[in-house]
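One letter stands for each residue in the lines below.
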Amino acid sequence: MAKYQTLLYYCYSPIEHAEQFAAEHLEFCKSLGLVGRIIVADEGLNGTVSGTPQACQAYMDAVHADERFRKTDFKIDDVDEPSFIKMHCRYKPEIVHSGLRNPAIINPNKETGKHLEPKDFMEMKDQDDVVILDVRSNYEHAVGRFKNAVTLDIENFREFPEKIKELEQYKDKRILTYCTGGIKCEKASALLLKEGFSDVYQLHGGIIKYGKEVDGKDFEGQCYVFDNRVTVDVNKVNPTVVSTCRNCGKITSKMINCANPECNEHFTQCDECGWKMDGCCTPACMEHPRKRPYDGTGYYVKVPQPVNEEKISKRKHKRFPSKEKEPLLDNQQ
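Draft legend 1. Spotlight on unusual backbone geometry. We note that Asp-218 has phi near 70°; this positive angle belongs to a residue other than glycine. Assignment of secondary structure puts Asp-218 in the loop between helix 6 (206-214) and strand 11 (219-221). Among the residues examined, Asp-218 registers a relative accessible area of 10% and is labelled buried. Backbone geometry places Val-230, a non-glycine residue, at a positive phi of 65°. Tracing the backbone through its elements, the reader meets Val-230 in the loop between strand 12 (223-224) and strand 13 (231-232). On the basis of relative accessibility, which here comes to 12%, the residue Val-230 falls in the buried class.

Draft legend 2. The arrangement of the packing of aromatic side chains in detail. Scanning the entire structure with this criterion turns up 15 aromatic pairs. Look at Tyr-9 and Tyr-59: their rings are 5.8 Å apart centre to centre, the planes differ by 55°, and that puts the pair in the tilted class. With Tyr-9 in strand 1 (residues 4-12) and Tyr-59 in helix 2 (residues 53-65), the pair connects residues that are 50 residues apart, well separated along the chain. For Tyr-9, a relative accessible area of 1% gives the class buried. The exposure class assigned to Tyr-59 is buried, which follows from its relative accessible area of 0%. Following the ring pairs from residue to residue traces out a cluster consisting of Phe-121, Phe-146, Tyr-178, Tyr-210 and Phe-219.

Draft legend 3. How the structure looks around the sheet that holds strand 6 (residues 114-116). Pairing is parallel in the open sheet, where four strands are placed in the order 6-10-9-7. Looking at which strands have only one partner, the edges of the open sheet turn out to be strand 6 and strand 7 (130-134). Ignoring which end each strand starts from, the neighbouring axes of this sheet average 30° apart. Pairing of strand 6 with strand 10 (residues 200-203) involves three bridges; the strand directions are parallel. Within strand 10, the residue paired with His-115 across the bridge is Gln-202. Against the sheet, helix 5 (residues 183-194) makes contact with strand 6, strand 7, strand 9 (174-178) and strand 10, and its axis sits at roughly 175° relative to strand 10, the strand it touches most.

Draft legend 4. Layout of the side chain of Lys-163. In this fold, Lys-163 is placed in the loop between strand 8 (144-146) and strand 9. Residue Lys-163 is classed as buried on the basis of its relative accessible area of 15%. Side-chain polar atoms of Lys-163 contact the backbone oxygen of Asp-153, separated by 3.4 Å. Residue contacts for Lys-163: discarding those within four places in its chain leaves Leu-152, Asp-153 and Ile-154.

Draft legend 5. How the structure looks around the pattern of salt bridges. Counted according to the given criterion, the structure contains 25 salt bridges. The salt bridge involving Glu-195 is made with Lys-194; its shortest N-O contact spans 3.9 Å. By sharing partners, the salt bridges in this structure join Asp-73, Glu-117, Lys-209 and Glu-213 into a single network.

Draft legend 6. Focus on the pairing of strand 2 (residues 35-41). Burial runs high along strand 2: six of the seven residues are buried. Sheet topology note: the strand 2/strand 3 (residues 44-51) ladder contains seven bridges and is antiparallel. Bridging from a neighbouring strand, Gly-36 pairs with Val-49 of strand 3. Direction of pairing for strand 2 relative to strand 5 (residues 87-91): parallel, over a ladder of five bridges. Residue Arg-37 lies in a different strand from strand 5, and its bridge partner there is His-88.

Draft legend 7. Representation of the nonpolar core in the model. Ranked by size, the top nonpolar core spans 29 residues in total, and within it Leu-133, Val-135, Phe-160, Leu-167, Ile-175, Leu-192 and Phe-197 carry the most contacts. Among the elements that make up this core, the one with the highest residue count is helix 5 (six residues). Residues within four places of Val-135 in sequence aside, it is in contact with Ile-154, Phe-157, Phe-160, Thr-177, Tyr-178, Cys-179, Lys-184, Cys-185 and Ala-188.

What counts, and at which threshold
Residues numbered from 1 in each chain as written. Predicted model: local features only at pLDDT ≥ 70, side-chain atom pairs only at ≥ 80, totals over all residues. Heavy atoms only, no water. Helix = DSSP H or I, 4+ residues; strand = E, 2+ residues; numbered from the N terminus. Buried < 20%, exposed > 50% of the residue type's maximum accessible area, 1.4 Å probe, protein only. Phe/Tyr/Trp six-rings, centres within 6.5 Å; stacked < 30°, edge-to-face > 60°. Pairing = 2+ DSSP bridges. Axes fitted to C-alpha atoms, helices over the stretch in contact; angles between N-to-C directions. Contact = heavy atoms within 4.5 Å. Polar contact = N/O pair within 3.5 Å; in protein donor to acceptor, adjacent residues only side chain to side chain. Salt bridge = Lys/Arg side-chain N within 4 Å of Asp/Glu carboxyl O. Core = buried A, V, L, I, M, F, W, Y, C linked by side-chain atoms within 4.5 Å.

By themselves, these are just geometric observations and shouldn't be taken as functional.
Rendered as structure tokens:
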């Protein structure tokens, strides 16, 4: 049995009193000895957590025991060490930042693209009337993407709605969207349907599930993940490397954050340039007074902020004035 596991998951399902839920869920995760990063919003959950197989199983059992999250699909990786150092669980307006917060406009629980299992995606992706659309950010598809995929010049998923016009030329095609674990495609495919794209699909479980179930055929490069692994291998059939070092142009799949915290850019850099540039993207960043020590990984841990119960209580009172005296919920997540 693996020493540790990492779970990637999301679930669009309404959560009442989501801020309160986030605070309680943080304590629950800590009680299991888990580390990771979870976003809680009124619309659902989005998380990556890591711990022992026993702790991860207990977490999955607890999530599935809650009727709201019964449909949650966990992607499970065996890892040599936990993929995080701290445990974070925070309330945010959305579980993936798109700017599409109004469920009357986009609601993944009501309408999205047709879900394709990895085997079906693999069989359909090379057909003549198909366009494979990567809905991830630049730094993600720079290090890995599907062969022949259309990529978008976006720094963050919230810019996706602005790019719809650039996709008008594909309206008569079957659109196959994909992302890391599937969460972005839920809103991306829903928005495409709203904008008049009639034949839209999405890769169920994303790149991660595709790698597990069909060995990642034709995914070029590596898959960016949001933990201290940074990237993971996906393709066991015809693997290749598609990214190059920002500084010297040499082929490399290593992706880091710039050591200058005010820059913090995601970029690919070979080991030789990493040590030469001290983990920075430019000489100017090397001279920055707040430059972080480079240890060869290019991964830097954010210092978690304590949950401000007083602030949560005030916000809760404004939103739910008639329920301000209700006791905290005994929730497992």
